[in-house]
Each structure stands twice: as structure tokens, then as C-alpha cells.
Amino acid sequence: MIPTIQKQNGHPVLMVGGKPFALLAGEVHNSDSSSPAYMETIWDIAAQLGMNALLLPATWELIEPEEGRFDFSVPQALIDQARARDMRIVFLWFGSWKNAECMYAPAWVKQDLKRFPRAQIEKGRNKAGRQVSPTIPIKMPYTTLSYLGQATRKADAKAFAAFMGFLKDYDSEKQTVVAVQVENETGLLGAAREVSDEADALFAAPVPADFAAYMRAHTDTMTEEIRSAVLSGRESGSWQEVFGEAADEIFSAYHVASFVNAVAQAGKAVYPLPMSANCWLDKGGRPGSYPTGGPVSKVHEVWDFCAPNIDVYCPDIYVPQFKAVCDEFTRRGGALFIPESATHSYCAPRLVYTVGHYHAMCYSPFGFDDIGKPFTAVQGFLFGMDVSDPALKTPQRFEEYAAFGQILREMMPRLAAAYGTDRLQAVSAETDPPVPAPDGNPYGAIPPTMDFRTFRLSVRFQGPMNPRGDGVCLCLAVSDTECWVVGSACGLSFLSADPEKPNLDLLQVEEGRFEHGAWIPGRRLNGDETASLSLEAPAVLHVKFFTYE
Ligand code: DGJ
């Protein structure tokens, strides 16, 4: 069976070799995977960080340098490198879109403006100035391929199908490649929709009846903004009449998603690996200030209708509001698949948290080989350095990520088997602040807890063991009397959750490590070490206890 997405305990899970699999991954910088030689050290860093997979661009320009002439030597070499290290790959198809632009289209596509038209954000212009921010009085030159270009869609789909054909031939047996992202951060910048004569005519024409009906039938899951636009619009008519205020964005989403679906469909017809679409978040901005038409959460219903071949929508998370974004992308029961995220000091805690709390399909810091290095100016800007939280301004420590990565990689079969159950939970300092005491007494604040069938684990992130405020704790219950705890910078209290047996005593607390999946115990903790049980640096504990009257 090839890699697939299946429900396990009602939760969508990536199955690899018939077993649930979580991608503890990293995405490389855009240009790295164009050179297998350059990648040698990058793979080594990934292995040190405990990663089990890499997200690697596979670019249209290198795969089809001349129309109809394909070259798969680079992806083939990358697959060989992954196999040599027992790692997996998610390829990122940089085709017609890369960050709402078309820089990875081959030269023969870029240069043929007639056959492969550019999007017009100003009527009649192939390249226009787009205002990046309302407060910065500069216009950046902008161009991208039109989402209405039928020849572009066909050519992209043909190239992608050829790529999937190569994967099928070279990899369907070993299954090193477990998923493919179709395009990268799709959408249009600078305007909410294209304004060519063709686009204007389509926008004024009636909305396809099946799509209008679908949108009216799915208002229950929609965000408020789209729901109210749909409910206050007409049942049929032009895009403006049916979708009112949201018409431009829904029009763009309809055409972008249909384009991406055509590419995905052509690929799946050859080799049906799970396929994803990643997203440059809207960050509450106005359409056009973010790639409009891309799979931001408010247009997921549009994408559902137009892109049934896309299995999962993925947020690229650089903003500080991490939990809000994860909740937004999982609110309709979808899997959490984060292909890109920031490398500040919440990076490793978020790895643990997304696995433990969201039962994530993928967590992947972008440019992970930068972990441990001072931020560049661009990273500082991207990661929200203007905020007050010091953890967002501090680079992730390499050893800390490596320690968590190794622990989770070793534990992955156990963790993934618990996906979709409440046996696996997590809390973090970033996402679960203590509930303040009603009288404001700082000592009375209630710390976050994880509640299991017979026990409760209460986790304190405040205090001397967590000076940086970026602690995290994951708990995997093995039974009513036994669990694994992974965490750092936290204090732990085990309590009974059984009203019949309200007392709990610890029986065994072991520190240790996993090697090839087997537990190698270290110290047996007791006395001072359990009287005030805490984890300062990343560690795993094996805990046994019992409850009594
Ligand atoms: C988001 C894109 O999807 C990535 O390819 C990369 O360009 C990053 N931004 C850069 O931070």
C-alpha cells in the first residue's frame, strides 16, 4: 500500500507502510535541494536534530528545462540520500506558483507571454507595482502567471504528472517520498482578483450554479466573514451579486483552487500520493495584501469544492499567534500539517506541543539548518521581532531541538499509535498560561493540566526552572497506572482523577532514553528528585503510580 491519509480513531493520520507516521520534519531553504552535493551537510544536520523527513523543493525549471524534455536526476539523487539515512521526503512542487509569484516556471514558460499570460492586477499590464504595506510608500514590481491561463494549467499539470510518474517508477516500492505539496503559497498579490478583460467578463458572468449551491449548503463551517457574505448574497447571479463583499476573493480562490486541483489530479492519476497545499496566512489583512485565492482558512470551503484532489491545507506559521492559527486550520477536523514555521525559541516546544496536542501530521521548521544561529534581518522581520515576548526574539537552541527531536523520533511509533485518542496530550507555556486566581494572588494561579482517565498531570511553567518561559510537557498514558512524560522547563504534579480513589502515590519514576525503540533506563528518581518533580532540560520519564481511597 502506498502512503495514504486515513482516519485513525476519527483523526486523519498519514499512513506509511501501513502504519501511522508523523513527519518530524524540516524544510530546507529554497535553493538547497537544487544541489545534492550541497544537501550532504543539510541531511546530516537534520539527522542530528532528530528529523525523520525533509521537505524539499522539486522545481519545474530544473525538471523540464525545455518543453517535453524531463530531467529527474536531482530528485533521484535526493531520494538516494534520504534512503541512505533512513529518512523520508515530502517534495514541494514549485510549479506555476512560488510565494504568489512564478519564479520557478521554466524559461520557456516565462518568455512566452502570449501562451502563458501573466496576471493583470492593473488592466493591460503584465508587471505592475504593488503596495506592500499601507504605511510604506513604495511599490514593488510584481508579476505572476494568470490563474486563468488554460495553457499554463495544462503545461504545469503535464510536468507534474511526469514528475509523479518518475516517483512511481523510482520509489513506489521503497516509498521514501510520502507526500507532495502542489505549488507553493498560491494566490495573487496586489489585488483581490485579476482585472484583465477576460477576468472582468468571467466576474460579471453567472457564478456556476453548483458552486453557488455548495457554498449556501456549507455555511455552518464557514468563518463569519464568508458566511455573512454568502447568506446576504443572491442565490444566483454575477459573482458580485452572489458573494457581495467577499466576491473578489472567492472568485480568485475558485480559479486558483481549480488550477491547483487540475495539477494535483494529473499527478494523482499517475501516482496517488497524499497531496497538500500550503498557505501564506492572511494575518487579518485586506485581500491583495496577502496571496488572495490561496488556501487561507476563510476560503477552505471554496477549496473543498474546487480542489478535491488536495488532501490537506497547510499553514506556514511565522506569526506569533501560533495556537490561533493551528486552531483555525484544524477547526473543521482536518489534520495539522505545518510545512514551515519559525526557528525562534518556541520552535522545539512547538514540535512537542503539536505532536502531543494536535496529533500533528507534520511539523517542520523552515531553514532548520539556521537553528542555533543568530537571526538574519529577514528572519527577525518574519518572526515578529516587534512583539514583546522575548522567546520570539531568541533563536532556538540547537541542542534543545536535537534532544526533543531524538526523543520524539524514537517514540514516534508509540506516539502515532495514540493519535486520535485522549491518551496523548500536551501543554506548553506559550499556549496554556495559568488561570489567574480570582483574588489576583500570584500564588493562587491555577496551572494547566492534562486529564486522563484515572490521573491528572498538573504542569507549572512559572518559576525558577523556566526562566525563558518556553516550557512544554507531553504525556502519553500507557494505562491507568503508567505513562511517559516528555518535557522541559516545567514542574510536574501527579494527581488522582478517580473520585472513588482520590489519592495518588508514585511507584516508579525513571529517567532514561530510547535506543532503536527500546527503553534504556537511567537513574531511578526518588526523594528530593520526586518530592519536587521537575524537568529542566528536555527529558523523558517513565512513570508508574497507583490511586487509592
Ligand atoms: C515562505 C515560502 O513558502 C518559503 O518557500 C520561503 O520563501 C519562506 N517563506 C521564507 O521565509
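Residues numbered from 1 in each chain as written. Predicted model: local features only at pLDDT ≥ 70, side-chain atom pairs only at ≥ 80, totals over all residues. Heavy atoms only, no water.

A. Region of the structure containing the sheet that holds strand β5 (residues 53-59). Read across the sheet, 9 strands follow the order β12-β14-β4-β5-β6-β9-β10-β11-β13 without closing on themselves; strand pairing throughout is parallel. Of all strands in the sheet, those with a lone pairing partner are β12 (337-338) and β13 (340-341), marking the two edges. Across 5 bridges, the pairing between strand β10 (residues 275-280) and strand β11 (residues 312-317) is parallel. Within β11, the position partnered with Ala277 by the bridge is Tyr313. Here helix α3 (residues 73-84) sits on the sheet in contact with β5, β6 (88-98) and β9 (177-184), set at roughly 155° to β6. (Pairing = 2+ DSSP bridges. Helix = DSSP H or I, 4+ residues; strand = E, 2+ residues; numbered from the N terminus. Contact = heavy atoms within 4.5 Å. Axes fitted to C-alpha atoms, helices over the stretch in contact; angles between N-to-C directions.)

B. Summary view of the side chain of Thr454. Residue placement: Thr454 occurs in the loop between β16 (449-451) and β17 (455-460). A distance of 2.6 Å separates a polar atom in the side chain of Thr454 from the backbone oxygen of Asp480. Apart from residues lying up to four places away in sequence, Thr454 is in contact with Asp480, Leu495, Ser496, Ala497, Asp498 and Thr547. (Polar contact = N/O pair within 3.5 Å; in protein donor to acceptor, adjacent residues only side chain to side chain.)

C. Quick look at the environment of Thr330. Assignment of secondary structure puts Thr330 in helix α12 (residues 322-330). For the pair Thr330 and Ser297, spaced 33 residues apart in sequence, the C-alpha separation works out to 9.4 Å. The contact partners of Thr330, leaving out residues within four places of it in the chain, are Ala335, Leu336 and Tyr358.

D. Summary view of the side chain of Asn184. If you trace the backbone, Asn184 turns up in strand β9. In contact with Asn184, not counting residues within four places along its chain, are Trp93, Phe94, Trp97, Lys98, Asn99, Ala100, Asn278 and Glu340.

E. Layout of empty space enclosed by the protein. Within the structure shown, the criterion is met by 3 cavities of 30 Å³ or more. Each pocket or cavity is described by its volume, and for the largest cavity that value is around 60 Å³. Lining of the largest cavity is provided by Ser33, Ser34, Pro57, Ala58, Thr59, Leu62, Ile63, Val74, Pro75 and Leu78. Elements represented by at least two residues in the lining of the largest cavity include exactly β5, α2 (60-63) and α3. Here the residues of the lining of the largest cavity sort into 7 nonpolar, 3 polar and no charged. (1 Å grid on protein atoms, 1.4 Å probe; cavity = no way out; pocket = protein on both sides within 12 Å on 5 of 7 lines; lining within 4 Å. Points joined across faces, edges and corners; volume = space filled by probe spheres on them. Nonpolar A, V, L, I, M, F, W, Y, C, P; charged D, E, K, R; others polar.)

F. Here's a closer look at the packing of aromatic side chains. For the structure on display, the rule yields 32 aromatic pairs. On the basis of an interplanar angle of 65° and a centroid distance of 6.4 Å, the ring pair of Tyr147 and Phe251 is categorised as edge-to-face. Of the two residues, Tyr147 is situated in the loop between β8 (136-142) and α5 (150-171) and Phe251 in helix α10 (residues 247-270); the sequence distance between them amounts to 104 residues. Phe251 gets classed as buried once you look at its relative accessible area, which sits at 0%. (Phe/Tyr/Trp six-rings, centres within 6.5 Å; stacked < 30°, edge-to-face > 60°. Buried < 20%, exposed > 50% of the residue type's maximum accessible area, 1.4 Å probe, protein only.)

G. Seen up close, the packing of helix α6 (residues 197-204) against α10. Across the interface, α6 lies against α10 with an axial gap of 11 Å and an inter-helix angle of 110°. For the element pair α6 / α10, the angle class is roughly perpendicular. Of the residues in α10, those touching α6 at Ala199, Leu202 and Phe203 are Ala247, Asp248, Phe251 and His255. For the contact of α6 with α10, the class distribution of residues is 5 nonpolar, 1 polar and 1 charged. (Parallel < 35°, antiparallel > 145°, perpendicular 65-115°, else oblique.)

H. Region of interest: helix α13 (residues 347-358). Here α13 is 12 residues long and its end C-alpha atoms lie 15 Å apart, about the 16 Å a rise of 1.5 Å per residue gives. All buried positions along α13 are accounted for by Cys347, Ala348, Pro349, Arg350, Leu351, Val352, Tyr353, Thr354, Val355, Gly356 and Tyr358. Looking one or two residues past α13, His359 carries a phi angle of roughly 50°, positive in sign. (Expected span 1.5 Å × (residues − 1).)

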